[in-house]
Amino acid sequence: MDIDNLTSEQVHLCDVIWNIKDKEEFRTVSRTWSTRKMNMALTLIQLMIQEELEQEIAAMDSYPLAEEMIRACR
């Protein structure tokens, strides 16, 4: 995964997030984080999800859901 222009703090936080196995572990790990750090982590999670979706879409050569929606509108 490649997310550009992150600070070293954000890169470190991404590494921490990436290595967390489930929601309960995230709650345990993040319990002591400041509001600022928690907001940064939640934003980074959204960026990671978006990047993953963009990679999946880029690998597609057809878009069945979009095609079905267009057919439904006709």
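Look above for the structure.
Structure report, in brief. (Residues numbered from 1 in each chain as written. Predicted model: local features only at pLDDT ≥ 70, side-chain atom pairs only at ≥ 80, totals over all residues. Heavy atoms only, no water.)

Some points on the overall build of the chain
- Looking only at helices and strands, the chain has four helices and zero strands in total.
- Element order for the chain, N to C, with α for helix and β for strand: α-α-α-α.
- Here the C-alpha atoms of the chain give a radius of gyration of 17 Å, more than 25% beyond the 11 Å that 2.2 N^0.38 yields for 74 residues.
- Its C-alpha atoms give the chain principal-axis dimensions of about 50 × 25 × 20 Å.
- Here the chain holds 74 residues, and the buried ones make up 18% of them.
- Considering only contacts in the chain between residues 6 or more positions apart, those separated by 24 or more positions represent 62%.
- Here the chain displays about 6100 Å² of accessible surface, and carbon together with sulfur accounts for 55% of that area.
- Between the averaged position of the 8 positive side-chain charges in the chain and that of its 14 negative side-chain charges there is a distance of 10 Å. (Helix = DSSP H or I, 4+ residues; strand = E, 2+ residues; numbered from the N terminus. Rg over C-alpha atoms; globule rule 2.2 N^0.38 Å. Buried < 20%, exposed > 50% of the residue type's maximum accessible area, 1.4 Å probe, protein only. Contact = heavy atoms within 4.5 Å. Areas by Shrake-Rupley, 256 points an atom, 1.4 Å probe, with all protein chains shown as cover. Lys, Arg positive; Asp, Glu negative; His and termini not counted. Charge placed at Lys NZ, Arg CZ, Asp CG, Glu CD.)

Quick word on the packing of helix H1 (residues 8–18) against helix H3 (residues 35–59)
- Relative orientation of the contacting elements H1 and H3 amounts to 70 degrees, with a least axis distance of 10 Å. Relative to H3, H1 is oriented roughly perpendicular. Across from Glu9, Gln10, Leu13, Cys14, Ile17 and Trp18 in H1, the residues of H3 making contact are Arg36, Lys37, Met40, Ala41, Leu44, Ile45 and Met48.
- Partitioned by chemical class, the residues of the contact of H1 with H3 number nine nonpolar, one polar and three charged. (Axes fitted to C-alpha atoms, helices over the stretch in contact; angles between N-to-C directions. Parallel < 35°, antiparallel > 145°, perpendicular 65-115°, else oblique. Nonpolar A, V, L, I, M, F, W, Y, C, P; charged D, E, K, R; others polar.)

Here we look at a nonpolar patch on the surface
- A cluster of nonpolar residues, Ile49, Leu53, Ile57, Met60 and Tyr63, forms a patch on the protein surface that exposes about 430 Å² of accessible area.
- Residue classification places Tyr63 among the partly exposed residues on the basis of a relative accessible area of 40%. (Patch = residues over 30% accessible without salt bridge, like charges linked within 9 Å, V, L, I, M, F, W, Y side chains within 5 Å. Salt bridge = Lys/Arg side-chain N within 4 Å of Asp/Glu carboxyl O.)

Some remarks on the nonpolar core
- One finds Leu13, Cys14, Ile17, Ile20, Phe26, Trp33, Met40, Ala41, Leu44 and Met48 forming the largest nonpolar core, which totals ten residues.
- Breaking this core down by element, the ones donating at least two residues are H1 and H3.
- At four residues, the largest contribution of residues to this core is made by H3.
- Every residue in contact with Leu44, bar those within four places of it in the chain, is listed here: Leu6, Gln10, Leu13, Cys14 and Ile17. (Core = buried A, V, L, I, M, F, W, Y, C linked by side-chain atoms within 4.5 Å.)

Regarding the pattern of salt bridges
- The final tally for this structure, using the stated rule, is three salt bridges.
- The partner of Glu24 in a salt bridge is Arg27, and the shortest N-O contact between them spans 2.7 Å. Residue Glu24 and its partner Arg27 are located together in helix H2 (residues 23–30), separated by three residues, close to a single helical turn.
- Accessibility expressed as a relative area gives 48% for Glu24, which makes it partly exposed.
- Note that Glu68 is salt-bridged to Arg71, the shortest N-O span being 3.1 Å. Note that Glu68 and Arg71 are positioned in helix H4 (residues 64–73) at a spacing of three residues, about one turn of the helix.
- Given the relative accessible area of 42%, Glu68 is considered partly exposed.

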